Amino acid sequence: MDDLPRPGPAVLAEDALLGLLLPFWQLVIGAFVLFVVLVSVARLARRGRSRMTTALLVTAAAIAGFAVVGVLLQE
């Protein structure tokens, strides 16, 4: 039995600090992206119908919504 390799010590907290900070930074980045998209949509909407139609507003909101939901729900 002395010839069998022994298992090494179990790693319980590999990159624990990064694991704790990663969801926070994802939330910060997601919030910043959402803020920038909302500001840009509001700015384009103020320029009038000739520059930004309702369909583009709805499409931009849907893309931003799906992106935020995807970031928040990923493991």
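Presented here is a report on the structure given in the accompanying data block.

1. Re the overall build of the protein
Of regular secondary structure, the protein possesses 2 helices and 0 strands. Taken over 75 residues, the protein has a buried fraction of 5%. Entry remark: accessible area of the protein is about 6,900 Å², with carbon and sulfur atoms responsible for 70%.

2. Section: a nonpolar patch on the surface
On the surface, a nonpolar cluster with roughly 880 Å² of combined accessible area is contributed by Phe24, Trp25, Val28, Ile29, Phe32, Val33, Phe35, Val36 and Val39. Its location among the elements puts Phe32 in helix H1 (residues 16-46). Residue Phe32 is classed as exposed on the basis of its relative accessible area of 55%.

3. Observations regarding the environment of Ala60
By the element assignment, Ala60 lies in helix H2 (residues 54-73). The sequence separation of Ala60 and Val37 amounts to 23 residues, and the corresponding C-alpha distance is 8.0 Å.

4. Things to note about the environment of Leu72
Following the sequence through the fold, Leu72 ends up in helix H2. Between the alpha carbons of Leu72 and Gln26 there is a distance of 7.8 Å; along the sequence they are 46 residues apart.

What counts and how
Residues numbered from 1 in each chain as written. Predicted model: local features only at pLDDT ≥ 70, side-chain atom pairs only at ≥ 80, totals over all residues. Heavy atoms only, no water. Helix = DSSP H or I, 4+ residues; strand = E, 2+ residues; numbered from the N terminus. Buried < 20%, exposed > 50% of the residue type's maximum accessible area, 1.4 Å probe, protein only. Areas by Shrake-Rupley, 256 points an atom, 1.4 Å probe, with all protein chains shown as cover. Patch = residues over 30% accessible without salt bridge, like charges linked within 9 Å, V, L, I, M, F, W, Y side chains within 5 Å. Salt bridge = Lys/Arg side-chain N within 4 Å of Asp/Glu carboxyl O.

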